[in-house]
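# Coordinates in review
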Amino acid sequence: MEKEDELVSQLLRSRSMEVERLKSDRQSLILVASLLDRIPNLAGLARTCEIFKASGLVVADANVIHDKQFQLISVTAEKWVPIMEVPVNSLKLFLEKKKREGFSILGLEQTANSVSLDKYQFPKKTVLVLGREKEGIPVDIIHVLDACVEIPQLGVVRSLNVHVSGAIALWEYTRQQRIQ
């Protein structure tokens, strides 16, 4: 019986170490979705962040992870990617803090000065801010950004779903990090 207990104990330690390794081996990108409120978009972004091993997903209310619709779409991603709560009224302070920590603060937004995503070189330490589903990134947050990037679009419709946009941008960041 002691031998079995020791084996179970070793197995649990090994599994715990593996889980910690998986959680710690992350890219230096934080995806900010505090301006979003649609659960399918937030859940899809959680899943995308987990798939590409983002450092974290920032949401306005961390309780969203307990929503059944969120859980169905995220497919347990919230258990593997750090979820940080930053309410909209604290977002500017959060971004300024991250800037002081050496992160580049980027917005995924169509502006007169936006750089095309395929021409932008992502810094290793990046915070990527996504805008509201219809209104985009508010002006007071735009002023905090170091740059805005946009996804080149060829069709007539001039916008993508925010989850799709976030996934494309996160993939481009990942692609660039993989070739360095």
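Placed above this text is the structure.
These lines cover the structure that appears in this document, whether it is placed above or below. (Residues numbered from 1 in each chain as written. Predicted model: local features only at pLDDT ≥ 70, side-chain atom pairs only at ≥ 80, totals over all residues. Heavy atoms only, no water.)

### Some thoughts on the pairing of strand E6 (residues 126-130)
Most of E6 is tucked away, with five of its five residues classed as buried. Judged by which residues are buried, E6 turns out to be covered on both faces: Thr-126, Leu-128 and Leu-130 on one side and Val-127 and Val-129 on the other are all buried. Bridge count between strand E1 (residues 29-32) and E6: four bridges; the pairing is parallel. Opposite Ile-30, over in E6, you have Val-127 as the bridge partner. Relative to E6, strand E4 (residues 104-108) runs parallel, the two being bridged by five bridges. Bridging from a neighbouring strand, Leu-108 pairs with Leu-130 of E6. (Buried < 20%, exposed > 50% of the residue type's maximum accessible area, 1.4 Å probe, protein only. Helix = DSSP H or I, 4+ residues; strand = E, 2+ residues; numbered from the N terminus. Pairing = 2+ DSSP bridges.)

### A look at helix H2 (residues 39-51)
With 13 residues, H2 extends 18 Å between its outermost C-alpha atoms, agreeing within 8% with the 18 Å of an ideal straight helix rising 1.5 Å per residue. Listed as buried for H2 are Ile-39, Asn-41, Leu-42, Ala-43, Gly-44, Leu-45, Ala-46, Thr-48 and Cys-49. (Expected span 1.5 Å × (residues − 1).)

### Quick notes on the side chain of Glu-172
Within the secondary structure, Glu-172 is located in helix H6 (residues 162-178). For Glu-172, a relative accessible area of 11% gives the class buried. A polar side-chain atom of Glu-172 sits 2.7 Å from a polar atom in the side chain of Arg-175. Apart from residues lying up to four places away in sequence, Glu-172 is in contact with Leu-117 and Phe-122. (Polar contact = N/O pair within 3.5 Å; in protein donor to acceptor, adjacent residues only side chain to side chain. Contact = heavy atoms within 4.5 Å.)

### Things to note about the packing of H2 against H6
Between H2 and H6, the shortest axis-to-axis distance is 9 Å and the interhelical angle comes to 15 degrees. Relative to H6, the element H2 is oriented roughly parallel. Here H2 and H6 pass one another in a crossing that is right-handed. On the side of H2, the interface is formed by Asn-41, Gly-44, Leu-45, Thr-48 and Cys-49, while H6 contributes Val-162, His-163, Gly-166, Ala-167 and Leu-170. Tallied by class, the residues present in the contact of H2 with H6 amount to five nonpolar, five polar and no charged. (Axes fitted to C-alpha atoms, helices over the stretch in contact; angles between N-to-C directions. Parallel < 35°, antiparallel > 145°, perpendicular 65-115°, else oblique. Left-handed = near helix turned anticlockwise from the far one by under 90°. Nonpolar A, V, L, I, M, F, W, Y, C, P; charged D, E, K, R; others polar.)

### Topic: the packing of aromatic side chains
Within the structure shown, the criterion is met by three aromatic pairs. Plain terms: the ring middles of Phe-52 and Trp-171 are 5.7 Å apart, the flat faces sit at 40 degrees to each other, and that makes the pair tilted. With Phe-52 in the loop between H2 and strand E2 (56-59) and Trp-171 in helix H6, the pair connects residues that are 119 residues apart, well separated along the chain. Overall, Trp-171 belongs to the partly exposed group, its relative accessible area being 37%. These aromatic residues form a ring-pair network of at least three members: Tyr-120, Phe-122 and Tyr-173. When the ring centre of Phe-103 is taken as origin, the NZ or CZ atom of Lys-125, which lies over that ring, is 4.8 Å away. (Phe/Tyr/Trp six-rings, centres within 6.5 Å; stacked < 30°, edge-to-face > 60°. Lys NZ or Arg CZ within 6 Å of the ring centre and 35° of its normal.)

### Digging into the sheet that holds E1
The sheet built from seven strands is open, its strands ordered E3-E2-E1-E6-E4-E7-E5 with parallel pairing. The sheet is open, and its two edges are formed by strand E3 (83-85) and strand E5 (115-116), each paired on a single side. When E4 meets strand E7 (residues 147-150), the two strands line up parallel, connected through three bridges. What sits directly across from Leu-108, in E7, is Val-149. Each of E1, E2 and E6 is contacted by H2, which is oriented at about 160 degrees to E2, the strand it contacts most. Against the sheet, helix H4 (residues 91-100) touches E1, E2, E4 and E6, its axis set at about 170 degrees to E1.

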